[in-house]
Amino acid sequence: MKNVMILTGAGQIGMAVARRMGTGMKIVVGDKKTDNAQTIAQIMNEAGFDAVPMEMDLSSRASILNIISEALKYGEISMLVNAAGVSPSQASVETILKVDLYGTAVLLDEVGKVIRQGGTGVTISSQSGWRMPALTAGEDELLATTPADELLTLPLLQPENIHDTLHAYQMAKRCNEKRVMAEAVKWGKRGSRINAIAPRIIVTPLAMDEFNGPRGDFYKNMFANCPAGRPGTADEVANVAELLMSDKGAFITGSTFLIDGGATSSYYYGPLKPEV
Ligand SMILES: NC(=O)c1ccc[n+]([C@@H]2O[C@H](COP(=O)([O-])OP(=O)(O)OC[C@H]3O[C@@H](n4cnc5c(N)ncnc54)[C@H](O)[C@@H]3O)[C@@H](O)[C@H]2O)c1
């Protein structure tokens, strides 16, 4: 029996993290697009990893339970990498909330029930959530602790309170960070750790859809005027994941790490600050 990693989201960020952390493990690669799962598994297998692809839909509890039971056939689950998601230019408000918000909550909850002692996980949230004004303490607590199956009935997530797909995405990613805090308490009872990484803007197919979507100019301006002066790469996200998932991060759990080339700093205190 092997140590098993579940990778949800066979995209560029997911693969970069899996390649960094998955040496010697069985890597179960789930994606709604089976082609993506197969492609990433093949690239990894041709590079010496042991990956197996499967169809998996993050918005479905049944599908999440299915990938967990598939993973358990190979051994104990010791790592979770959740890099599945849809962006504001790719999906409707309803789909974004179902995949990015609800699906992530269910996945963290279910993997947290079976993760091996000493296991680690990361979920990819987004810097986008950091640009949204603060919610009230009560709203944050609801996002953190409402049972996953009731999350989408919360008043703050109803259509009349969500302005557009960007707002839905920001709420979803804010929720991811709050769930990670609440889940860290539960995962800790198993000696395990869970953290989030909030990137922006990392060149991947998802980011390309944003560059070519209605907010394209906004994003191009963002990386031109952030302190780093360029977009980031999935391998740089993997650098953060390596810290969080390895023993070097043993004292880090329930945290969200921002990796955005300083875009958030510039948004508040530099040239990216919105005009009032
Ligand atoms: N690229 C960026 O700049 C950036 C910034 C902030 C956050 N993120 C987040 O990083 C994560 C990974 O995105 P990426 O940039 O690597 O994009 P990517 O397009 O390379 O990968 C995303 C993958 O998620 C899969 N997916 C979509 N819906 C799914 C579902 N319902 N179930 C299972 N899989 C599904 C897609 O098919 C795709 O393979 C996403 O959650 C995204 O929101 C990315």
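Nothing here was measured: the structure is a model prediction, and the numbers come from that model.

Analysis parameters
Residues numbered from 1 in each chain as written. Predicted model: local features only at pLDDT ≥ 70, side-chain atom pairs only at ≥ 80, totals over all residues. Helix = DSSP H or I, 4+ residues; strand = E, 2+ residues; numbered from the N terminus. Rg over C-alpha atoms; globule rule 2.2 N^0.38 Å. Buried ≥ 20, exposed ≤ 12 C-beta atoms within 10 Å, placed from the backbone. Contact = placed C-beta atoms within 7 Å. Near = placed C-beta within 6 Å. Nonpolar A, V, L, I, M, F, W, Y, C, P; charged D, E, K, R; others polar. Core = buried A, V, L, I, M, F, W, Y, C linked by C-beta atoms within 7 Å. Pairing = 2+ DSSP bridges. Axes fitted to C-alpha atoms, helices over the stretch in contact; angles between N-to-C directions. Expected span 1.5 Å × (residues − 1). Bend = angle between axes of the 7 residues up to and from the residue.

### Focus: the overall build of the chain
Alright, step 1. Along its length, the chain carries 10 helices and 7 strands.
Alright, step 2. Against the 2.2 N^0.38 benchmark of 19 Å for 276 residues, the chain shows a C-alpha radius of gyration of 18 Å, consistent with a compact globule.
Alright, step 3. Its C-alpha atoms give the chain principal-axis dimensions of about 60 × 40 × 35 Å.
Alright, step 4. Per-residue burial for the chain yields a buried fraction of 50% across its 276 residues.
Alright, step 5. Restricting the contact set of the chain to residue pairs at least 6 apart, pairs at least 24 apart contribute 77%.

### Describing the site of the ligand
Alright, step 1. Taken together, 31 residues lie near the ligand, and Gly11, Ile13, Gly85, Thr204 and Leu206 sit nearest.
Alright, step 2. At the level of secondary structure, the elements contributing two or more residues to the shell around the ligand comprise helix H1 (12-21) and helix H7 (205-211).
Alright, step 3. In terms of residue class, the shell around the ligand is made up of 15 nonpolar, 11 polar and 5 charged.

### Some details on the nonpolar core
Alright, step 1. Counting residues in each nonpolar core, the largest one holds 81 residues, and the members touching the most others are Met5, Ile6, Val17, Ile27, Val237 and Ala241.
Alright, step 2. Once you skip the residues sitting within four places of it in the chain, Ile27 turns out to touch Met5, Leu7, Ala18, Gly22, Met44, Phe49, Asp50 and Ala51.

### Observations concerning the sheet that holds strand S2 (residues 26-31)
Alright, step 1. On the basis of which strands lie adjacent, the open sheet formed by 7 strands has the order S3-S2-S1-S4-S5-S6-S7 and parallel pairing. Sheet topology places strand S3 (50-55) and strand S7 (256-259) at the edges, where each strand pairs with a single neighbour. Within the sheet, the average angular offset between the axes of one strand and its neighbour, ignoring direction, is 25°.
Alright, step 2. Summarising the sheet, strand S5 (residues 120-124) and strand S6 (residues 193-199) pair through 5 bridges and their orientation is parallel. Paired with Gly121 across the bridge in S6 is Ile194.
Alright, step 3. Together, S2 and S3 form the strand contacts of helix H2 (residues 34-45), whose direction differs from that of S3 by roughly 175°.

### Quick notes on helix H4 (residues 93-114)
Alright, step 1. With 22 residues, H4 ought to run about 32 Å at 1.5 Å a step, and its terminal C-alpha atoms sit 31 Å apart, in line with that.
Alright, step 2. At Gly103, H4 shows its largest kink, close to 35°.

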